[in-house]
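Observations on chain architecture
Chain by chain, the residues:
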Amino acid sequence: MNITHISAECYPVAKVGGLADVVGALPKYQNNSSISSQVIMPYYDVKFTQANTFTSVFKSELSIGDLTYKFNILKLKKNNLDFDVFFVDIPNLLFKDYVYSFSDTERFLAFQIATLDWMLSWDKYPDIIHCHDHHTGLIPFMLQESFKYESFRKIPNILTIHNAQYQGWFSHDNVNLIPSFNFDNVGLLDWGGNINPLAAAIKCAWSVTTVSPSYMEELKTSANGLESLLSSESSKCSGILNGIDSNVWNPETDSYIVKNYSKKTIASGKKANKKELCDTFNLDIEKPLFAFIGRLVDEKGSDLFPEAFKIALKNPNISILLLGSGNKEVERKLEALKKEFKGQYNAFIGYDEKLSHIIYSGADFLLMPSRVEPCGLNQMYALRYGTIPIVRSIGGLKDTVTDISEEHGFGICHDNVTVTEITTAIKRGTKLYEKQPEFKKIRTQIMKIDHSWDASAKQYINLYNSIN
Ligand code: ADP
């Protein structure tokens, strides 16, 4: 079976968030003697593409509205990724030093058209086309409706929703950008009076998945406007929990961290990594270290951090460290706190893959007070590195973290996203840290939890088989 994933992100090539981690891991775990899984993604001007060399495997031109763009399909000359990746290069349009900007309609539409135009030239079409998020959401529609892709009608295709907040909508005035189709079916593109790529994919894909079972349920009542659509299409929708790539996220082998460790050497391993963090960020190694890693957006509850941290840090016996970027006002407030709580609080405003690994390994607790969390990978990385997650019970967080008050519980959970619930959860963490034998027992216990991709990759294969 040949599975072709189409995505805007793929780790380690280009990563903004969890989408990259998933698309960079799932194909690896799917590939075996009977399955060949590959990725098609945009060619961006980023570190990875600058550091590697490519060969061209296909060249052509695509039309989008009245415009014509030359495009090139590239392949890595030397591929160490365990799966094939093909890059769609559209100079001056897709090839930028960022993944997303504010006006991406034409960029990602051109990416999707170039991908399908290239596929037309293949001797054998994919057995499954697996689309990820709204950037590839017009593909299921074009496979089904566009005249020039008539030969693709029978290819089973899947949409995975990694985040339904972002839908990629644009005005019907731009409908001419989409390769021509029977206009009687224009309604398939529409949601709420706009062309909505995510909605179009939910309507047209043969099967729709979300990245956790709880998120699938939650979307029926809260999906940024798509609730009724997801309810009416629920018979083809299911939730499959993401896994983690245990080749990349493994404290025993992680080359980013200061000292590798296993369940047996967790105490000395975490201590060495915590020391590195405390030395770098002027924090006290003896105090419990609460950390946050992620995008500073309302979805993650990060707008409440400035106030919540101010209250929590009144307890001089805790430390907080934050790594993230996003909302400028929140960034400014989080920067300003540094002066007030010198020696107790620090933040790195930006993106730093290496630092994120050291934080997962060196922190004692990881904060995730998300308003929306489709799956959440951070809590699974934290578990793998023996760092206790403090989460708001929603989406994938609900599916992966059990509160310490319950039998076999190992995390700290709260129900709502408020300053009080965040600070109360931090207090519960501080109390747990004071009971060192219990704290140490839990962190060893959580390292044993298996969230590797094996089980989830199998569920995807079962799904492919069911529609193939
Ligand atoms: P989302 O995709 O909503 O951002 P996920 O929990 O699914 O959230 O995935 C986030 C991924 O991005 C994790 O691998 C996390 O470590 C990483 N990440 C987020 N922000 C940063 C940052 N500022 N620096 C380094 N890694 C980050």
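In the block above lies the structure referred to throughout.
Overview of the structure. Please read these numbers as outputs of a predicted model, since none were measured by experiment. (Residues numbered from 1 in each chain as written. Predicted model: local features only at pLDDT ≥ 70, side-chain atom pairs only at ≥ 80, totals over all residues. Heavy atoms only, no water.)

**What about the overall build of the chain?**
Counted only if it meets this: The numbering of helices and of strands both runs from the N terminus, where a helix is a DSSP run of H or I of at least 4 residues and a strand a run of E of at least 2. We take the radius of gyration over the C-alpha atoms and set the globule estimate at 2.2 Å times the residue count to the 0.38 power. Burial classification: accessible surface area is computed with a 1.4 Å probe over protein chains only, and a residue below 20% of its type maximum counts as buried, one above 50% as exposed, and the rest as partly exposed. Note on definitions: a residue-residue contact is assigned when non-hydrogen atoms from the two residues lie within 4.5 Å.
Across its full length, the chain holds 16 helices and 17 strands. In terms of C-alpha radius of gyration, the chain reaches 23 Å, essentially the compact-globule figure of 23 Å for 468 residues. Along the three orthogonal principal directions, the C-alpha set of the chain runs to about 65 × 45 × 40 Å. For the chain, the residues scored as buried account for 59% of the 468 residues in total. Considering only residue pairs separated by 6 or more positions, the chain has 71% of its internal contacts joining residues 24 or more positions apart.

**Description of the environment of E406**
Tracing the sequence through the fold places E406 in the loop between α13 (395-400) and β17 (412-414). Overall, E406 belongs to the partly exposed group, its relative accessible area being 48%.

**Structural notes on the site of the ligand**
To keep things clear, this is the line we draw: Throughout this document, a residue counts as near a molecule or strand when at least one of its heavy atoms sits within 4 Å of that molecule or strand. Two N or O atoms count as a polar contact when they lie within 3.5 Å, although within protein this holds only if one can serve as hydrogen donor and the other as acceptor, and sequence-adjacent residues are included solely when both atoms are side-chain atoms. All accessible areas in this document rest on Shrake-Rupley with a 1.4 Å probe, and a residue is counted as covered only by the protein chains that are shown. Residues are sorted three ways: Asp, Glu, Lys and Arg are charged, Ala, Val, Leu, Ile, Met, Phe, Trp, Tyr, Cys and Pro are nonpolar, and all the rest, Gly among them, are polar. Where each domain starts and ends follows an automatic or database-derived domain assignment.
Of all residues adjacent to the ligand, which total 19 residues, the nearest are K15, G18, D21, R295 and Y360. One of the side-chain nitrogen or oxygen atoms of D21 is found 2.7 Å away from an oxygen atom of the ligand. Within the backbone of G350, an N or O atom sits 2.9 Å from a nitrogen atom of the ligand. For the ligand, whose free accessible area comes to 570 Å², the fraction covered by protein is 93%. Mapped onto the shell around the ligand, the elements with two or more residues apiece are α1 (18-30), β12 (289-296), β13 (319-326), α11 (353-362) and α12 (378-384). A total of three residues in the shell around the ligand trace back to one element, the largest contributor, which is β12. Taken together, the residues of the shell around the ligand sort by class into six nonpolar, eight polar and five charged. Built from parts of two domains, the shell around the ligand gets at least three residues from each of domain 1 (2-243 + 453-467) and domain 2 (266-446).

**Examining the environment of G137**
Position of G137 among the secondary structure elements: in the loop between β6 (128-132) and α4 (138-145). Each C-alpha atom of the pair G137 and Y381 lies 29 Å from the other, and the pair is 244 residues apart in sequence.

**Focus: the packing of helix α8 (residues 266-281) against helix α15 (residues 436-447)**
Quick note on the threshold: Working convention: axes come from line fits to C-alpha atoms, limited for helices to the stretch in contact. Angles between N-to-C directions cover 0 to 180 degrees. Note that the term roughly parallel is reserved for angles under 35 degrees, roughly antiparallel for angles over 145, roughly perpendicular for angles of 65 to 115, and oblique for everything else.
At a minimum axis separation of 11 Å, α8 and α15 run at an interaxial angle of 95°. It follows from the interaxial angle that α8 and α15 lie roughly perpendicular. Residue-level contacts link I266, A267 and K270 of α8 to R443, T444 and M447 of α15. For the contact of α8 with α15, the residue count by class is three nonpolar, one polar and two charged.

**Considerations on the sheet that holds strand β10 (residues 207-210)**
Whenever strands of a sheet pair, they do so through backbone hydrogen bonds, lying parallel or antiparallel. Note the cut-off: A pair of strands counts as paired when DSSP detects no fewer than two bridges linking them.
The mixed open sheet is built from nine strands, whose spatial order is β3-β4-β5-β2-β1-β6-β7-β10-β11. For this open sheet the edge positions go to β3 (54-64) and β11 (237-239), each flanked by a neighbour on one side alone. Across the sheet, the mean angle from the axis of one strand to that of its neighbour is 25°, orientation sign disregarded. Bridge count for strand β4 (residues 67-76) against strand β5 (residues 84-89) is four bridges, and the pairing is antiparallel. Looking at β5, one finds that I73 is bridged to V88. Sitting on the sheet, α4 touches β1 (2-6), β6 and β7 (157-161), and the angle it makes with β6 is about 145°.

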